[in-house]
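# Structural overview for review
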Amino acid sequence: MFRDYGIKAAMIIDLDAHQGNGHERDFTGDSSVFILDIYNGSIYPRDSRAKAGIHRKYELGFYVGDEEYLSTVETQVRGALNEFQPDLVIYNAGTDILDGDPLGMLSVTGEGIIRRDEVVFQLVRSKKIPIAMVTSGGYQRQTADIIANSILNLHHKGLIPMETKG
C-alpha cells in the first residue's frame, strides 16, 4: 500500500454514520489494512460484501446519543489499537452523526462530536501513531462550525500542531 513511504500497516477508523463500503471493499483480504467501523446498522448501505472487509464493527441503533456513542467509540478504538499496530491511522470523522441529520439518524450533539474527535486523537497519539483526519457526511448548516471548533479544540489540547507561515 504505502510501503514506499515506510508504512507497512494502516488503520482506518470510520466514524461516519453509514457503514463504509468503499475502502472496505478495496481492502478486503489485505492484512496490512485494519478497518474499524462504527455506524448506524439500520441505514444505507447495508452492504454485506463490504462488511466482510471490516475487521472490527459496531452497529448502533437509531438515535444513539452522546453518552452511549462516546463510550462505544472509546471502547472500540482502544480495542482496535490493542488488536492491530498500525504505522498510520486514517480517521474518517463523519458529522452525519449529529442530532437532526436526516440521513444519519443518530442523536450526537455538536459537543459530542468535538469530544469524539478528542477521544480518537488522544488514544491514537498515546500510541505515538501519526493520524490523518478527513471529514465526511454532515448535512446541516452548523456542521462546518462544529468541524472548525473540533479542530481548534484538538489544537488547544496539543493533539494537532498548527504551523503559521510568516
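Report follows, based on the coordinates. In this text, all values refer to a predicted model and were calculated from it rather than measured experimentally. Throughout, residues of each chain are indexed from 1 in the direction in which the sequence is written. Per-residue local features of the predicted model are confined to residues with pLDDT of at least 70, and side-chain atom pairs are confined, for both listing and counting, to 80 or more; whole-chain, interface and lining totals are unaffected and use all residues. To get the side-chain values, all heavy atoms of the structure are used, and hydrogens and water are removed first.

## Re the pattern of salt bridges
Stated precisely, the cut-off is as follows: Whenever Lys or Arg places a side-chain nitrogen within 4 Å of a carboxyl oxygen from Asp or Glu, that contact is recorded as a salt bridge. Strands are runs of DSSP state E lasting at least two residues, helices are runs of H or I lasting at least four, and both sets are numbered from the N terminus onward. Classification of residues uses two cut-offs on accessible area relative to the type maximum, computed with a 1.4 Å probe and protein chains only: under 20% is buried, over 50% is exposed, and between them is partly exposed.
Under the definition given, this model contains 7 salt bridges. Where Asp-47 meets Arg-25, a salt bridge forms, and the shortest distance between an N and an O atom there is 2.9 Å. With Asp-47 in the loop between strand E2 (33–40) and helix H2 (48–51) and Arg-25 in helix H1 (residues 23–26), this pair connects stretches of sequence that are 22 residues apart. Of the residues examined, Arg-25 reaches a relative accessible area of 33% and is grouped as partly exposed.

## Thoughts on unusual backbone geometry
The general pattern is negative phi for most residues beyond glycine and trans for most peptide bonds. Residue Pro-45 is bonded to the preceding Tyr-44 through a cis peptide linkage, with omega at 10 degrees. Residue position: Pro-45 is located in the loop between E2 and H2. For Tyr-63, which is not glycine, the phi torsion reads 60 degrees and is therefore positive. With respect to the helices and strands, the residue Tyr-63 is situated in the loop between strand E3 (56–60) and helix H3 (66–83). Residue Tyr-63 is classed as exposed on the basis of its relative accessible area of 51%.

## Quick word on the nonpolar core
Taken as a class, soluble globular proteins show a tendency for nonpolar side chains to be buried jointly. Cut-off, in case you're wondering: Definition of nonpolar core: a set of buried residues of the types Ala, Val, Leu, Ile, Met, Phe, Trp, Tyr and Cys, connected through side-chain atoms within 4.5 Å. Here a residue-residue contact requires only that any non-hydrogen atoms of the pair lie within 4.5 Å.
Of all hydrophobic cores here, the largest spans 38 residues; its most connected members are Ile-13, Tyr-69 and Val-120. For this core, the secondary-structure elements that each account for two or more residues are strand E1 (10–14), E2, H3, strand E4 (88–94), helix H4 (110–126) and helix H5 (143–156). Among the elements that line this core, the one with the most residues is H4, at 7 residues. Dropping the residues within four chain positions of it, Tyr-69 is found in contact with Leu-15, Ile-38, Leu-60, Val-64, Ile-97, Val-108 and Arg-116. Counting residues in each nonpolar core, the second largest holds 5 residues, with Val-33, Ile-35, Tyr-39 and Ile-54 among its members.

## Considering empty space enclosed by the protein
Just so we agree on the cut-off: Using a grid of 1 Å spacing that covers the protein atoms alone, one calls a set of points a cavity when a 1.4 Å probe fits there but cannot get out, and a pocket when the set is open and has protein on both sides within 12 Å along at least five of seven lines; lining residues are those with an atom within 4 Å of a point. Grid points are joined across faces, edges and corners, and a volume is the space filled by probe spheres set on the points. Here the term charged refers only to Asp, Glu, Lys and Arg, the term nonpolar to Ala, Val, Leu, Ile, Met, Phe, Trp, Tyr, Cys and Pro, and the term polar to all other amino acids, Gly among them.
Enumeration over the complete set of coordinates arrives at 1 cavity of 30 Å³ or more. As for the largest cavity, its lining consists of Ala-93, Thr-95, Ile-113, Arg-116, Asp-117, Met-133, Thr-135, Ile-146, Ile-147 and Ser-150. At the level of secondary structure, the elements contributing two or more residues to the lining of the largest cavity comprise H4, strand E5 (131–136) and H5. Among the residues forming the lining of the largest cavity, the class breakdown is 5 nonpolar, 3 polar and 2 charged.

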